[in-house]
Amino acid sequence: MVARGSEYDVAVVGTGPGGATVARELARAGKRVVMLERGLDHRGRWYYGTHIGALRYVDRHGLLFTQEGLNIIRAIMTGGSTNLYCGCAAPPPDWFKDDYGIDLAGPTGETIDELGLAALPASHAGEASMRILEAGQALGMDWQPQMKFINPARTPRFHCTATCMTGCRCGAKWTANEFMDQALTAGADLITWAEVEHVLVEGGVAAGVSGRRHGRFPFDIRARTVVLAAGGIGTPLILQGSGLPEAGNGMAMDPTVMVYGTIPGKGNWNEPPMSVSFENLEEGYMLSSLIDPWLMYPLILSLKGPRYALTLTHYTRTLGIMIKVTDEVSGALSARHGISKPLTPRDLRRLARAEAVCRDVLTRAGADPDSIFVTPLRGTHPSATMRIGEDLGPELETRVSNLYVCDASVFPRALGRPTVLTIIALGRRLASHLLSRTDSD
């Protein structure tokens, strides 16, 4: 633990892809950086990457719901939800540059090159995933292998299955923990179990952060610059506690369901998740091959009804397609009232159209039409709670001087595609801005 009253150049709150990227770049440039993480580093422990482990480091043990019943899954640990993601990579949408003047091409390309991002080779993508791809293409859709943060060459024991959504045990999947580790190597400090409650603001200027460790022990950390990267839910709550009530007024969530169908033979229960995908920009949805890990499967389907949970007996003969809807900004969140995220009529129309497409693809892939059903909704990417163009300037600055945001909160609207590569690119861009600002002072 860093002593109370320690002063840094930059305090970074959160060690997900945004926070870890900013911290790494600034620490490598010689800045004195402290990272504050609400959770712990669970890597290397016997339970990491297991269902038991996921229940330990998932917010509220996986029982976080909006007022409307949308289940939200997010990790509270170092590396954030990159521990749980399916390792998918997609470039930022063109509208970042076209509508907001934010050019992320350079930092995106740097990240792709550094991490060697690419689609999985067909030999590793999985037989069932390729079956879905071929069925979709036969129906005239442009299904393609999905670019991944998963690289079989990273490990001699590649064993990527659906359970990588509980944490990667074989080492093939990149997580933000790696950038965090590199920040530490470059001289940054890390404080875990540190829940930041508000930003210290003096004369309209950020001067550090304040909070509690282990929920009991207060701390103040002084810093000339503060970067909030606590995620689409955590960051707006800190900002509200810091005198910025506009935070959390509306949000996007990329609402997600799985459509399952039973086929003869073996399904994709033992394959990497989201190996292949299809994006329909005009209709506003993305589809990918995906099935929940075997223990999560009945737990999630029990929310739909006991008879659906019992379909676990067909698990090894199940094909799954994930629907990710590009939703409209709606609802609000606060510490007092919780999270509200209603789906709009447009969201529901997009979801219904995508469900019909998935039924066609699964049927073409050999699934019994009578076996096809849709899972309960869940929220995968809480975002757009502190939006560029409304609440933030183009350099991700708030109306409080020296206070910045760098996570999915800053999205002006729903991405409707994997978010991690965009967040890393924003982190590289913000770090460059902060370094150029200090160099000119």
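Whatever comes next refers back to the structure up there.
Since the structure is predicted, the reported quantities are computational estimates derived from the model, not experimental observations.

Definitions and cut-offs
- Residues numbered from 1 in each chain as written.
- Predicted model: local features only at pLDDT ≥ 70, side-chain atom pairs only at ≥ 80, totals over all residues.
- Heavy atoms only, no water.
- Core = buried A, V, L, I, M, F, W, Y, C linked by side-chain atoms within 4.5 Å.
- Buried < 20%, exposed > 50% of the residue type's maximum accessible area, 1.4 Å probe, protein only.
- Helix = DSSP H or I, 4+ residues; strand = E, 2+ residues; numbered from the N terminus.
- Contact = heavy atoms within 4.5 Å.
- Salt bridge = Lys/Arg side-chain N within 4 Å of Asp/Glu carboxyl O.
- Pairing = 2+ DSSP bridges.

Trainee: What is the right way to read the nonpolar core from this model?
Mentor: Across soluble globular proteins, you tend to see nonpolar side chains buried next to one another. If you look at the biggest cluster of nonpolar residues, it comprises 68 residues, and the most contacted ones within it are Leu36, Phe96, Phe149, Trp174, Val227 and Leu426. Top element by residues in this core is helix 12 (residues 420-440). It accounts for 10 residues. Contacts of Phe96, omitting those with residues within four sequence positions, involve Gly101, Ile102, Leu104, Ile388, Phe411, Pro412, Leu415, Thr422 and Leu426. Ile132, Trp143, Ile263 and Val357 belong to the second-largest nonpolar core, a separate cluster that totals 27 residues.

Trainee: Got a minute to help me understand the pattern of salt bridges in this structure?
Mentor: Think of it this way: side chains of opposite charge can pair up when their charged atoms draw near. One pass over the structure, following the stated rule, counts 21 salt bridges. The salt bridge involving Arg346 is made with Glu328; its shortest N-O contact spans 3.9 Å. With Arg346 in helix 11 (residues 345-364) and Glu328 in the loop between strand 15 (318-325) and strand 16 (332-334), this pair connects stretches of sequence that are 18 residues apart. Among the charged side chains, a network of salt bridges with common partners joins Arg24, Glu25, Glu110, Glu114 and Arg428.

Trainee: What is the right way to look at the pairing of strand 13 (residues 276-280) in this model?
Mentor: The side chains of a regular strand alternate between the sheet's two faces. Within strand 13, 4 of the 5 residues are buried, which leaves the element mostly enclosed by the surrounding structure. In terms of strand pairing, strand 6 (residues 144-145) meets strand 13 through 2 bridges, oriented antiparallel. In the strand pairing of strand 13, Gln144 is matched with Ser277. Inspection of the sheet shows strand 13 paired to strand 14 (residues 285-289) by 4 bridges, in the antiparallel sense. By the bridge assignment, Glu279 is partnered in strand 14 with Met286. Linkage of strand 13 to strand 14, two consecutive antiparallel strands, is achieved through a turn of 4 residues, within which Gly284 is found at a positive phi near 80°.

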